[in-house]
Amino acid sequence: MTGENRAHSAAKTCDLHLIPLQGVPLIEPGTDLLGVICDLTARDGPALHDGDVLVIAQKIVSKAEGRYVDLATVEPGEQALVLSAQLRKDARLVEIILRQSRKVLRQRQGVLIVEHKLGFVLANAGVDQSNVDPRQGARPVLLLPENPDRSAQRLHEGLRLRLGKNIAVIINDSLGRAWRLGTVGVALGAAGLPALCDLRGRPDLYGRPLQVSETGFADEIAAAASLLMGQADEATPIIAVRGLTWSAKSSSAAQLLRDPGEDLFR
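Considering the packing of aromatic side chains
- Applying the stated criterion across every chain, the model contains one aromatic pair.
- Plain terms: the ring middles of Phe217 and Trp246 are 5.8 Å apart, the flat faces sit at 65 degrees to each other, and that makes the pair edge-to-face. Of the two residues, Phe217 sits in helix α7 (residues 217-229) while Trp246 sits in the segment after β12 (238-245), which places them 29 residues apart along the sequence.
- Relative accessible area serves as the criterion here: at 4%, Phe217 is assigned to the buried category.
- Owing to a relative accessible area of 23%, Trp246 belongs among the partly exposed residues under this scheme.

Put into C-alpha cells, the structure is as follows:
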C-alpha cells in the first residue's frame, strides 16, 4: 500500500449510533439467522441502512451452526488426562479444548491458554459452557464457529440480496488480553468493511507522517457493541452500528492476527 493510499484508509465518523435489535428469539441448530435479522428489522426493529455495520454475537452464530458437543460422549486421550490432573479440570472438557487447538501456550490450575485452530490465542479454545441450551445434550458445550469470516461473509451477501443494501457484518466475542484484566469484545469474523486500517503515511497533528500506526477497526466496533450486548442475561446479541464511513477495501478478521514470528509475547 502506498503512502498516498494509506492517507485515505482511515475510517471516519461524526455521530455514532449503536442500536440493539430487540426480540431476538432463542437460537437453535439450523435457525436461519439471516431470516431472523430480516424479520426483526421488518417488524418493530430499526430499518437497516446502506453502510450500517451489524455486530452479531459469536454465541448465536455457533448455536445456529450447531456447534455443540456433549461432554458425556467424549473419550479423553492421554494428553487430556495428564493435563486435567495438573489443571484440576474435567478431562473431557480438556479433550475438546485440545481438539480445537493447534498448541497449548500456557497452563496453570484451572486455566488453559491455547492457540486455536483459527489462529486466535485465547483461554480454553473458546469452548463455552455459559448460556448453553441444556436440551443439546447431557453436558453440552459450545464451540466457536468453524469459520467466522465465512459466516460473516454469508450474512453480508445474504443481507445484500434480501434487503438490497450494503451492510457490513462483524461476528464478535469477548476475549481476555495479555497484561490487562477484563474481557473485551473482539472481531472473530468480518465482511464488508476493512478489519484493519493502515494509517501509515497519514500526517499527525503537526504534519509528521505516521510510521507504524494501524487501527483494529473491526475490533473497535466489536468492543463498542459489546457494551450493549453484555455478558449475562441481557439477550441483545445483535447490534446495528450506524455513522461510520471508510474508504479502505474490505478485509477479513483473519487480517487482524499477528504473525507468530512477530509476536514478542509467546
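Here the narrative resumes.
Thoughts on the side chain of Asp173
- In this structure, Asp173 sits in strand β8 (residues 168-177).
- Discounting chain neighbours no more than four positions away, the residues touching Asp173 are Gln58, Leu144, Val184, Gly185, Val186 and Leu188.

Concerning the environment of Ala248
- With respect to the helices, strands and loops of the structure, Ala248 is situated in the segment after β12.
- Look at Ala248 and you get buried, because its relative accessible area is 18%.
- Counting along the chain gives 54 residues from Ala248 to Pro194, while the straight-line C-alpha distance between them is 6.1 Å.

Quick notes on the nonpolar core
- If you look at the biggest cluster of nonpolar residues, it comprises 24 residues, and the most contacted ones within it are Leu21, Leu33, Ile37, Leu54, Ile56, Leu159 and Ile238.
- Looking at which element gives the most residues to this core, the answer is helix α2 (residues 33-42), with six residues.
- In this structure, Ala57, Ala190, Met229 and Val241 belong to the second largest nonpolar core, which totals 20 residues.

Notes on the environment of Asn166
- Looking at the secondary structure, you find Asn166 in the loop between α6 (148-163) and β8.
- Non-local contacts of Asn166, meaning those with residues more than four positions away in its chain, are made with His49, Asp50, Gly51, Asp52 and His156.

What about unusual backbone geometry?
- A positive phi angle, close to 55 degrees, is found at Arg88, a residue other than glycine.
- Tracing the sequence through the fold places Arg88 in the loop between α4 (78-87) and α5 (91-99).
- Accessibility expressed as a relative area gives 68% for Arg88, which makes it exposed.
- Residues other than glycine seldom take positive phi values, yet Ala125 does so here, at roughly 55 degrees.
- Among the structural elements, Ala125 can be located in the loop between β6 (121-123) and β7 (140-142).
- Judged by relative accessible area, Ala125 falls into the buried class, the value being 1%.

Structural notes on a nonpolar patch on the surface
- On the surface, Trp179, Leu264 and Phe265 cluster together into a nonpolar patch covering about 490 Å² of accessible area.
- Summarising the element assignment, Trp179 is placed in the loop between β8 and β9 (180-191).

A short note on the pairing of strand β2 (residues 53-57)
- Across the five residues of β2, five count as buried, placing the element largely inside the fold.
- Residues Val53, Val55 and Ala57 point to one face of β2 and Leu54 and Ile56 to the other, with burial holding for every one of them.
- Taken together, the five bridges between β2 and β8 define a ladder with parallel strand orientation. Paired with Ile56 across the two strands is Ile171, which belongs to β8.
- The sheet contact formed by β2 and β12 spans four bridges and is antiparallel. Pairing of Ile56 across the sheet is with Ile238, part of β12.

About the cut-offs
- Residues numbered from 1 in each chain as written.
- Predicted model: local features only at pLDDT ≥ 70, side-chain atom pairs only at ≥ 80, totals over all residues.
- Heavy atoms only, no water.
- Phe/Tyr/Trp six-rings, centres within 6.5 Å; stacked < 30°, edge-to-face > 60°.
- Helix = DSSP H or I, 4+ residues; strand = E, 2+ residues; numbered from the N terminus.
- Buried < 20%, exposed > 50% of the residue type's maximum accessible area, 1.4 Å probe, protein only.
- Contact = heavy atoms within 4.5 Å.
- Core = buried A, V, L, I, M, F, W, Y, C linked by side-chain atoms within 4.5 Å.
- Patch = residues over 30% accessible without salt bridge, like charges linked within 9 Å, V, L, I, M, F, W, Y side chains within 5 Å.
- Areas by Shrake-Rupley, 256 points an atom, 1.4 Å probe, with all protein chains shown as cover.
- Salt bridge = Lys/Arg side-chain N within 4 Å of Asp/Glu carboxyl O.
- Pairing = 2+ DSSP bridges.

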